[in-house]
Amino acid sequence: FMRAIGREDLAADPGLATNAGRVARQVEIDEAIAEWTRERGLSEVLATMAAAAVPAGPVHRVDDLVADPHLQARGMFEATPVGDRSLILPALAPKL
């Protein structure tokens, strides 16, 4: 991951070679990731991660989920009448 975002210094750091070392320096790692992602759009971030074989995916907001055509087609949201309007709510059970 660090090589993919141009942080060879962190990728080669022996203190980050183990999970314990990474946990101890979590704030530093999070700051490096935030700095890199802040300057890029979602599609660029995902393309970079895919090219480097780093598992990654978007974190959706609620409005992204409600607008997703696949989730709509699967019936993951239902319209419920509330007074004189309709309220969109998650379906009661996931549809696999």
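For the structure, check the block above.
Residues numbered from 1 in each chain as written. Predicted model: local features only at pLDDT ≥ 70, side-chain atom pairs only at ≥ 80, totals over all residues. Heavy atoms only, no water.

*Asks:* Can you help me understand helix α3 (residues 26–38) in this one?
*Replies:* One turn of an α-helix holds 3.6 residues; hence residues three or four places apart share an orientation. The end-to-end C-alpha distance of α3 is 18 Å, a good match for the 18 Å that 13 residues give at a rise of 1.5 Å each. The complete set of buried residues in α3 reads Ile29, Ala32 and Trp36. The buried residues of α3 occupy one face: seen down the axis, they fall within an arc of 60 degrees. Counted as exposed and oriented over 90 degrees from the buried face of α3: Val27, Glu31 and Arg38. Those residues of α3 that are buried are in contact with α1 (8–11), α2 (19–24) and α4 (42–51). (Helix = DSSP H or I, 4+ residues; strand = E, 2+ residues; numbered from the N terminus. Expected span 1.5 Å × (residues − 1). Buried < 20%, exposed > 50% of the residue type's maximum accessible area, 1.4 Å probe, protein only. Arc of directions from axis to C-beta. Contact = heavy atoms within 4.5 Å.)

*Asks:* Even after reading the chapter, I still don't get the pairing of strand β1 (residues 77–82), so can you show me in this structure?
*Replies:* Looking along a regular strand, one sees side chains alternate from face to face of the sheet. Where β1 lies against strand β2 (residues 85–90), six bridges are found, and the strand directions are antiparallel. Opposite Glu78, over in β2, you have Leu89 as the bridge partner. (Pairing = 2+ DSSP bridges.)

*Asks:* I tried to follow unusual backbone geometry on my own but got confused; where do I start?
*Replies:* The phi dihedral of Ala53 is positive, around 60 degrees, even though this residue is not glycine. Its location among the elements puts Ala53 in the loop between α4 and α5 (62–67).

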